[in-house]
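If you want the building blocks of each chain, they are given just below.
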Amino acid sequence: MHEKSIAELATALKDGEVSSVELTAHYLRRIETLDDAINAYVTVTGEQAMEAAKAADEARAQGNAGPLTGVPIAHKDIFCTEGTRTSCGSKMLDNFIAPYDATVVARFKAAGCPILGKTNMDEFAMGSSNETSYYGPVKNPWDTERVPGGSSGGSAAVVAGRLAPGATGTDTGGSIRQPAALNGVTGIKPTYGRVSRWGMIAFASSLDQGGPMARTAEDCALMLNVMAGFDQRDSTSIQRPDEDFTKRLNTPVKGLRIGLPKQFFGEGMDAGVARVVDEAIAHYKGLGAEFVEVDLPHSDLSVAAYYVVAPAECSSNLARFDGVRYGYRCEDPKDLLDLYMRSRGEGFGPEVKRRIMVGTYALSAGYFDAYYLKAQKIRRLIAEDFATAFKDVDVILGPTAPSTAFRLGEKTDDPVTMYLSDTYTIAVNLAGLPAMSLPAGFSDGLPVGLQLIGNYFEEARLLGVAHQYQLGTEWCRMAPGGFE
Amino acid sequence: MSLSLDEVRKIAHLARLSVQEEDLQGYARNLSDILDLVQQMEGVDTQGVTPMAHPLDASQRLRADEPTETDQRDHFQGNAPAVESGLYLVPKVIE
C-alpha cells in the first residue's frame, strides 16, 4: 500500500479496496520498524491516528467523504496540534502541549486525514541539514550517513521513506524545497499568504510559508487544495477565491516559455547536479517547451539580504519565549533578569542563539538603516528582477540546491557555508513567489532536485508543469533501498 | 568585520541570552563571519529604492472591534511553568 501515491490511495479508499483503518495501521507499523534508522518522527500519535481513521471510514460509509478522507499524513512539528506536544525541534518547547490546532492542522482534520505524527526539524526551522534539532538529526533514507536537508528534513524523509504518503512543511528560505531535493520528493512553497500561518510557530513572519511535501506534483496539488485558503486569523492571509490546484495538471507544456537564470548556472553548482538539470531541460524541450536565458542581477545578494531580514524578524518573534508563560524555565532563577537570560540561554540551541544575536545587532540603535532597511531595499530589487523576467517567460527553472545531500557534520562548524546551501532558494522567499522542487535524477546514487519558480498565484501552473514531467519520467516513483 | 567579546556580551544581554564565558569566542567568530557575508549589500546602490516590507505590498486588514475569542485562560495556563490564582509567577520584582 505504501508504494501508492496520495492520488492512488484516494482512489483505493473510494473504491473500497482498502479502509483508512488498514492504511493507517500499515503506516504506523512501518514507522515502528523503520523510523529508528532515520529519526524522522519526533512524536508518533498512533492512538489518535487510529481513532481518526475509524471516523474517516465511518464518514465514508455515510457518504460524507471528501477527496482525501482517510489518507494519513504527518505534520512538521512546527504546526500546533491540540493536545500533542509541539516542540519546533527545540528544548524550549520540549514540554509544550499545544492548546489549539494551527489552521493547517484544523483543515486536514476537517478533510478527514489522520495524523501519523509530528516530524523532526531544525530547531525553530533554522537550519539546512536538520542537525540543529534538539532531538538529534534526521538521517537521509538514501544514505543514513548524510543529512536530509532542512529545515523540513523530517517531513521530506518520511515521504521518501514511505513512512507517510504526504507531510506538511514550511519554507522561510528553502526549507521545503531543499530537503525535497535532497530526499527525492516533491514539495511546493506557495505564494506568500496562500497558506495560513496561524498556529505555525513563527520564525521570520514576512518570509514563512507552509506547503505540502509528497511524492508527486499531483499529490502536492491535492494537499494544497486542503491547506490553502483565506484565514481571518492570519493578518497576512490573502483574500482570494479558493482555487483548485489540480486544474492545470493536464495542460501540455508545448509552447511554454521557460527562463533559465544565468546566475543559477554559474560557479558553485556540482557537476552531477548540472548534468541532471541539463537532462531535465532536454526532457522539457522534447515536450515542446522553449528555453530563454533570463537575468536576475540581484539574486547573488539574496543570501546576504536574507541573513539580515530573517534573523531580525526571528529576534523579534522569539522574544516571546521568556520562561514565564510556556516553554522551558531555568532552575532557581535568582531574579527576573536571571529567569529570562538563563531560560533562553539554556532553552535555545547555538544556531538559534546566533540568529537571535545577529537580528538583535541588526536592529539595535544606530544599525537599523545600514542593515534592515538596506536589506529591505535589496529585497525590492530582487522582486523587481523576477517581475521583469516574468514579462518574458512563464516559469523559471534551475537547480534547487547546489549539491546533493552532504555528510552529517560536514558543515556544522561553519554557519556561513551551511547558509550557502540555500543560495538558489532564498530569492524566492524574499520576493514572496511560489516555487517547487521535484526529483529529476541522481548523482552518485543521491537524489537531485529541479526547481520551478512561478509568478504570484501561479501554483497551479507550476504543479502542471511538474506533473507533465513526472508523467514521462520515473524519478518521483523511486524508493530508497530498505524502504521500498 | 570583527566583533569583540565585549560586543558579543552586550548583544547577548540585549537579546536576554545567557552565554557561557567559554562560548563567547566561538560566537564572536560566527557572528563576525555572518556580518561579513551580509556586508556584500554595501556594494549595491539602493538610492531611491523603496524598502519592501511585504512581498505583495499588502496593507493591514481592519475588522470590527468586537470580541472574537472566548476566555481560555485556564486552558492556556496549563503550559505555564508556575501559576497561582490565574496569575503567572515570577521571582520577586519589588523588595
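Residues numbered from 1 in each chain as written. Chains lettered and ligands numbered in written order. Predicted model: local features only at pLDDT ≥ 70, side-chain atom pairs only at ≥ 80, totals over all residues. Heavy atoms only, no water.

Visitor: Can you lay out the overall build of chain B for me, pointing to particular residues and giving the numbers?
Guide: Tallying secondary structure elements over chain B gives three helices and two strands in all. Listing the helices and strands of chain B from first to last along the sequence gives α-α-α-β-β. Scaling as 2.2 N^0.38, a compact globule of 95 residues should have a C-alpha radius of gyration of about 12 Å, whereas chain B reaches 22 Å, well beyond that. Taken along its principal axes, the extent of the C-alpha atoms in chain B is 55 × 45 × 25 Å. In chain B, which comprises 95 residues, the share counted as buried stands at 33%. Carbon and sulfur atoms form 49% of the exposed surface of chain B, whose accessible area is close to 6,600 Å². Each charge class in chain B was averaged separately, 8 positive and 17 negative side chains, and the resulting centres sit 5 Å apart. (Helix = DSSP H or I, 4+ residues; strand = E, 2+ residues; numbered from the N terminus. Rg over C-alpha atoms; globule rule 2.2 N^0.38 Å. Buried < 20%, exposed > 50% of the residue type's maximum accessible area, 1.4 Å probe, protein only. Areas by Shrake-Rupley, 256 points an atom, 1.4 Å probe, with all protein chains shown as cover. Lys, Arg positive; Asp, Glu negative; His and termini not counted. Charge placed at Lys NZ, Arg CZ, Asp CG, Glu CD.)

Visitor: Go over the nonpolar core, please, and point to the residues and values.
Guide: All names here are of chain A. The biggest cluster of nonpolar side chains holds 177 residues, and the ones touching the most others in it are Phe 124, Tyr 284, Phe 386, Leu 397 and Leu 463. In terms of residue count, helix 9 (residues 302–317) provides more of this core than any other element does, 10 residues in total. Two domains each provide a minimum of three residues to this core, namely domain 1 (6–253) and domain 2 (300–378). Residue contacts for Leu 463: discarding those within four places in its chain leaves Ile 188, Ala 217, Cys 220, Ala 221, Leu 224, Phe 245, Leu 249 and Met 436. (Core = buried A, V, L, I, M, F, W, Y, C linked by side-chain atoms within 4.5 Å. Domains from an automatic or database assignment. Contact = heavy atoms within 4.5 Å.)

Visitor: Before we move on, can you summarise the pairing of strand 2 (residues 73–76) of chain A with the specific residues and values?
Guide: Residues and elements named next belong to chain A. Neither face of strand 2 is left uncovered, since the one carrying Ile 73 and His 75 and the one carrying Ala 74 and Lys 76 both have all their residues buried. Where strand 2 meets strand 3 (residues 115–119), four bridges bridge the pair, whose relative direction is parallel. Bridging across to strand 3, Ile 73 finds its partner in Ile 115. (Pairing = 2+ DSSP bridges.)

Visitor: Residues and numbers for a negative patch on the surface, please.
Guide: Negative charge collects at one region of the surface, where A:Asp413, A:Asp414, B:Asp33 and B:Asp36 lie side by side. Note that A:Asp414 resides in the loop between strand 9 (395–399) and helix 13 (415–419). Take A:Asp414: its relative accessible area is 30%, and that puts it in the partly exposed class. (Patch = residues over 30% accessible without salt bridge, like charges linked within 9 Å, V, L, I, M, F, W, Y side chains within 5 Å. Salt bridge = Lys/Arg side-chain N within 4 Å of Asp/Glu carboxyl O.)

Visitor: Please give an account of the environment of A:Tyr424 that cites residues and values.
Guide: All names here are of chain A. Looking at where Tyr 424 falls in the secondary structure, it is placed in the loop between helix 13 and helix 14 (426–431). In this structure, the C-alpha to C-alpha distance between Tyr 424 and Pro 402, residues 22 residues apart in sequence, is 7.5 Å. Discounting chain neighbours no more than four positions away, the residues touching Tyr 424 are Gln 263, Phe 264, Glu 267, Gly 268, Met 269, Pro 399, Thr 400, Ala 401, Pro 402 and Gln 451.

Visitor: Provide a residue-level description of the packing of helix 11 (residues 350–363) of chain A against helix 2 (residues 24–38) of chain B, including the pertinent values.
Guide: Following both chains from N to C, one finds helix 11 of chain A and helix 2 of chain B inclined at 55°, their axes separated by 10 Å at the closest point. When the interaxial angle is binned, helix 11 of chain A and helix 2 of chain B end up oblique. The two elements helix 11 of chain A and helix 2 of chain B cross, and the hand of that crossing is right-handed. On helix 2 of chain B, the residues that touch A:Pro350, A:Lys353, A:Arg354, A:Met357, A:Val358 and A:Tyr361 of helix 11 of chain A are B:Tyr27, B:Asn30, B:Leu31, B:Ile34 and B:Leu35. In terms of residue class, the contact of helix 11 of chain A with helix 2 of chain B is built from eight nonpolar, one polar and two charged. (Axes fitted to C-alpha atoms, helices over the stretch in contact; angles between N-to-C directions. Parallel < 35°, antiparallel > 145°, perpendicular 65-115°, else oblique. Left-handed = near helix turned anticlockwise from the far one by under 90°. Nonpolar A, V, L, I, M, F, W, Y, C, P; charged D, E, K, R; others polar.)

Visitor: Pulling in residues and values, what's your account of the pairing of strand 6 (residues 210–214) of chain A?
Guide: All names here are of chain A. The buried count for strand 6 comes to five of five residues, which makes it a mostly enclosed element. Judged by which residues are buried, strand 6 turns out to be covered on both faces: Gly 210, Pro 212 and Ala 214 on one side and Gly 211 and Met 213 on the other are all buried. Looking at chain direction, strand 5 (residues 186–189) and strand 6 are connected through two bridges and run antiparallel. Bridged to Thr 186 within strand 6 is Ala 214.

Visitor: A description of the interface of chain A and chain B should follow, citing residues and the corresponding values.
Guide: Contact residues are listed per partner, giving 75 residues for chain A and 51 residues for chain B. Between A:Arg233 and B:Glu69 there is a salt bridge, with its nearest N and O atoms 3.2 Å apart. There are 16 residue pairs in polar contact (both at pLDDT 80 or more) connecting chain A and chain B. Sorting elements by how many residues they give to the side of chain A that touches chain B places helix 12 (residues 369–389) of chain A first, with 12 residues. Looking at the side of chain A that touches chain B residue by residue, the class counts come to 41 nonpolar, 16 polar and 18 charged. (Polar contact = N/O pair within 3.5 Å; in protein donor to acceptor, adjacent residues only side chain to side chain.)

Visitor: Give a description of helix 7 (residues 217–227) of chain A that names residues and reports values.
Guide: All names here are of chain A. The buried fraction of helix 7 amounts to nine of the 11 residues, a majority that puts the element mostly inside the structure. Among the residues of helix 7, those classed as buried are Ala 217, Asp 219, Cys 220, Ala 221, Leu 222, Met 223, Leu 224, Val 226 and Met 227. With its phi angle positive at about 145°, Gly 229 sits one or two positions after the end of helix 7.

Visitor: A description of the packing of helix 2 (residues 20–34) of chain A against helix 3 (residues 46–61) of chain A should follow, citing residues and the corresponding values.
Guide: Any two packed helices are characterised by how steeply their axes cross, that is the angle between the axes, and by the distance between the axes. Residues and elements named next belong to chain A. Here helix 2 crosses helix 3 at 160°, and the two axes come no closer than 8 Å. When the axes of helix 2 and helix 3 are compared, the pair comes out roughly antiparallel. Handedness of the crossing formed by helix 2 with helix 3: right-handed. Residue-level inspection shows Ser 20, Val 21, Thr 24, Ala 25 and Leu 28 of helix 2 in contact with helix 3, the latter providing Gly 46, Ala 49, Met 50, Ala 53, Lys 54, Ala 56 and Asp 57. The class makeup of the residues in the contact of helix 2 with helix 3 is seven nonpolar, three polar and two charged.

Visitor: Please provide a residue-by-residue account of the packing of aromatic side chains, values included.
Guide: For the structure on display, the rule yields 17 aromatic pairs over all chains. Between the NZ or CZ atom of A:Lys411 and the centre of the ring of A:Phe406, over which it lies, the distance is 4.2 Å. (Phe/Tyr/Trp six-rings, centres within 6.5 Å; stacked < 30°, edge-to-face > 60°. Lys NZ or Arg CZ within 6 Å of the ring centre and 35° of its normal.)

Visitor: Tell me what's going on with the domain arrangement of chain A, and back it up with residues and numbers.
Guide: Residues and elements named next belong to chain A. Domain boundaries assigned for chain A yield domain 1 (6–253) and domain 2 (300–378). Using only C-alpha atoms to locate each centre, domain 1 and domain 2 end up separated by 27 Å. Contacts between the two partners involve 20 residues from domain 1, matched on the other side by 21 residues from domain 2. For the domain 1 and domain 2 pair, buried surface summed over both sides reaches about 1,700 Å², with 66% attributable to carbon and sulfur atoms. Of all residues in domain 1, the largest losses of buried area upon contact with domain 2 belong to Met 92, Met 126 and Phe 203, amounting jointly to 38% of the total for that side. In this assembly, domain 1 and domain 2 are joined by zero salt bridges. One can count nine residue pairs in polar contact (both at pLDDT 80 or more) joining domain 1 with domain 2. Class assignment for the residues of the side of domain 1 that touches domain 2 results in 10 nonpolar, eight polar and two charged. (Buried area = accessible area lost by both parts, 1.4 Å probe.)

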